[in-house]
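# Notes for the structure review
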Amino acid sequence: MSEQPPIPAPAPAPEPAPIRWFGTSWLNRDDGYWLRRVAVSIGALVAAAAVVLLLRFGVEGIALSDSGTFLNGLLTAAIAVCSMMAVRRTWKVLTEGKDQLTGWMAEDKSLGAVWLIGGAGSLLAYFARSLVEAPGEAVQRAAYERAVVQHEKRQASRSRRPDAKAPGRAKRKR
């Protein structure tokens, strides 16, 4: 009786990573995916409106202090610039992934105030992206498809050559 080495179990297929508020329904766009997309879009728009209202109260408070039109213009310009920076960063995160951020976009802690002031722009970018797909879906789909392709390659290579130490193969001498 010759003993056969145990055949290794095939590696499990890769699992899709869940997206916040969507779980894994983004993969096949099932289980209320479309309803969630509408809810996320409306929620982002309502949250952006709330942030704009808060910013307006802040600007009006500065205007009531009679500090001058220059300061009011400077404050409005700062809010606009922060919002544009936040839109650009959020769009890049949702379409390419956080690991693709470089330079000033990658700064989380040192530019935290900029991201806070530009929160309305970030929420508007989130809203716009949710009209196309679940925010972050493109990044997750690309990662999942890469994992599936790698898994299939590994499985195909194992089926051709299941055991590197097959009987009859000689050891290499050093």
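Figured I'd write up the structure that's included with this text.

Rules of the game
Residues numbered from 1 in each chain as written. Predicted model: local features only at pLDDT ≥ 70, side-chain atom pairs only at ≥ 80, totals over all residues. Heavy atoms only, no water. Phe/Tyr/Trp six-rings, centres within 6.5 Å; stacked < 30°, edge-to-face > 60°. Helix = DSSP H or I, 4+ residues; strand = E, 2+ residues; numbered from the N terminus. Expected span 1.5 Å × (residues − 1). Patch = residues over 30% accessible without salt bridge, like charges linked within 9 Å, V, L, I, M, F, W, Y side chains within 5 Å. Areas by Shrake-Rupley, 256 points an atom, 1.4 Å probe, with all protein chains shown as cover. Salt bridge = Lys/Arg side-chain N within 4 Å of Asp/Glu carboxyl O. Buried < 20%, exposed > 50% of the residue type's maximum accessible area, 1.4 Å probe, protein only.

Attention now moves to the packing of aromatic side chains. For the structure shown, the criterion picks out 5 aromatic pairs. Taken together, a centroid distance of 5.7 Å and an interplanar angle of 50° make the contact between Phe22 and Tyr33 tilted. Residue Phe22 is found in the segment before helix H1 (25–28), and its partner Tyr33 is found in helix H2 (residues 33–64); the two are separated by 11 residues along the sequence. Between Trp104 and Trp115, the ring centres sit 6.1 Å apart and the planes meet at 35°, which makes this aromatic pair tilted. Here Trp104, found in the loop between helix H3 (69–96) and helix H4 (112–117), pairs with Trp115, found in helix H4; they are 11 residues apart in sequence, far enough to count as distant.

On to H3, then. Structurally, the α-helix is built with 3.6 residues per turn, so residues lying three or four positions apart point the same way. An ideal rise of 1.5 Å per residue puts 40 Å on 28 residues; H3 measures up with 40 Å between its terminal C-alpha atoms. Following H3 by one or two positions, Gly97 adopts a phi angle in the positive range, close to 105°.

Turning to a nonpolar patch on the surface, a few remarks are in order. Where nonpolar side chains cluster on the molecular surface, the patch consists of Ile62, Phe70, Leu71 and Leu74 and spans about 390 Å² of accessible area. Residue contributions to the nonpolar patch peak at 3 residues, all from H3. Along the chain, Ile62 turns up in helix H2. Assessed through its relative accessible area of 31%, Ile62 is described here as partly exposed.

As far as function goes, none of this settles anything; it's purely spatial.
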